[in-house]
Amino acid sequence: RDAVLLILAMFIFLTGLFGRIGIMGYYFIYNLKNPLLLATFATAMSGGNMVVNLYAPYFLNKVDKKWIGVFSAICQSLCCVAFFFLGEIQAEAAIIIVGFLYGATNIVPLVSTGLGAEIIDDNWVRTGIRSDGIIYSCISFSTKFGNAIGGSIGIVVLGAVGFVANSEMTPQILTRMNAVINFGPVIFFIISAILFGMNRMTNKKGQENEEKIKIMMKSDD
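A brief structural summary. (Residues numbered from 1 in each chain as written. Predicted model: local features only at pLDDT ≥ 70, side-chain atom pairs only at ≥ 80, totals over all residues. Heavy atoms only, no water.)

Description of the pattern of salt bridges
A complete count under the given rule lists 6 salt bridges for this structure. Between Asp2 and Arg1 there is a salt bridge, with the nearest N and O atoms lying 3.5 Å from each other. Judged by relative accessible area, which is 6%, Asp2 ranks as buried. As a salt-bridge pair, Arg126 and Asp122 come within 3.1 Å of each other at their nearest N and O atoms. Placement of both Arg126 and Asp122 in helix α5 (residues 108–127) is noted, with a separation of 4 residues, approximately one turn of the helix. Overall, the relative accessible area of 55% leaves Arg126 in the exposed class. Where salt bridges share partners, they join Arg1, Asp2 and Arg200 into one cluster. (Salt bridge = Lys/Arg side-chain N within 4 Å of Asp/Glu carboxyl O. Buried < 20%, exposed > 50% of the residue type's maximum accessible area, 1.4 Å probe, protein only. Helix = DSSP H or I, 4+ residues; strand = E, 2+ residues; numbered from the N terminus.)

Next up, the structure:
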């Protein structure tokens with residue numbers, strides 16, 4: 001159950017994440033009318049991603065990883081909401097700052113690795129069978145599947161709200177595009193937060209399983 005919840009959470013989260021990445025360029029080209037700003041935004045977001053490595057290990061050890069996943073998904077949602085309103089007023093400097101925060105709060109990849117390892121140990125303790133291959137291969141597949149599905153959905157929905165490339169579009173269409181690009185992923189992030197929260201694995205349980213596995217390994221020797 002916990003493995004399935006983690007895989008679903010990752011698939012839903014990554015569908016929103018990659019879906020936004022696939023159409024984010026249109027936000028800068030048409031909504032902000034400044035495609036060159038995308039490079040600055042990407043740099044700020046990458047800088048935020050580097051910051052994650054500085055604080056994530058501490059919090060992942062102190063707080064149940066599933067709640068870190070919930071926190072991260074909600075932060076990503078709030079950033080996307082901010083992108084929408086900042087895009088409407090074309091506040092470019094603020095968008096770069098929020099872009100940094102967007103990267104700095106994306107801890108979900110680390111959550112999936114740590115939580116996946118704890119779930120594998122838990123399955124081993126309960127069933128006597130290691131399931132590293134199947135769980136991590138499913139998480140990897142969810143990454144690729146989310147990438148494919150997310151990008152496709154984004155393009156289709158943009159077309160449905162009136163987007164036509166290389167054309168002059170009305171303010172109403174541009175606002176609908178802005179909503180698709182930024183509010184669309186929020187739906188996926190919130191669903192993934194719910195799935196993370198439903199997971200029963202905790203840090204305490206993971207530590208207890210580590211001790212049980214040590215005993216199991218000694219008995220095998």
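Here we look at a nonpolar patch on the surface
There is a patch of nonpolar side chains on the surface, built from Ile74, Leu78, Ile190, Ile194 and Met198 and spanning about 440 Å² of accessible area. Of all elements in the fold, only α3 (65–89) and α7 (171–198) reach the threshold of two or more residues within the nonpolar patch. Tracing the backbone shows Ile74 in helix α3. Among the residues examined, Ile74 registers a relative accessible area of 37% and is labelled partly exposed. (Patch = residues over 30% accessible without salt bridge, like charges linked within 9 Å, V, L, I, M, F, W, Y side chains within 5 Å. Areas by Shrake-Rupley, 256 points an atom, 1.4 Å probe, with all protein chains shown as cover.)

Comments concerning the side chain of Asn203
Here Asn203 shows up in helix α8 (residues 203–220). Exposure remark for Asn203: the relative accessible area of 7% places this residue in the buried category. The residues touching Asn203, leaving out its near neighbours within four places in the chain, are Leu60, Asn61, Lys62, Val63, Asp64, Lys65 and Glu118. (Contact = heavy atoms within 4.5 Å.)

A few points about unusual backbone geometry
For Lys33, which is not a glycine, the phi torsion comes out positive at approximately 55 degrees. Positive phi, normally seen in glycine, also occurs at Asn166, with a value near 55 degrees. With respect to the helices and strands, Asn166 occurs in the loop between α6 (132–160) and α7.

Focus on α3
Given a rise of 1.5 Å per residue, 25 residues ought to cover 36 Å, and the 37 Å separating the end C-alpha atoms of α3 matches this to within 8%. Looking one or two residues past α3, Gln90 carries a phi angle of roughly 55 degrees, positive in sign. (Expected span 1.5 Å × (residues − 1).)

Thoughts on the packing of aromatic side chains
Scanning the entire structure with this criterion turns up 15 aromatic pairs. Here the aromatic rings of Phe85 and Phe183 are separated by 6.3 Å at their centres, their planes lie at 70 degrees, and the arrangement is edge-to-face. With Phe85 in helix α3 and Phe183 in helix α7, this pair connects stretches of sequence that are 98 residues apart. (Phe/Tyr/Trp six-rings, centres within 6.5 Å; stacked < 30°, edge-to-face > 60°.)

Comments concerning the environment of Leu14
You can see Leu14 is positioned in helix α1 (residues 2–31). In this structure Leu14 comes out as buried when scored by relative accessible area, which is 7%. Look past the residues within four positions of Leu14 in its chain and what remains in contact with it is Gly19, Ser142, Thr143 and Gly146.

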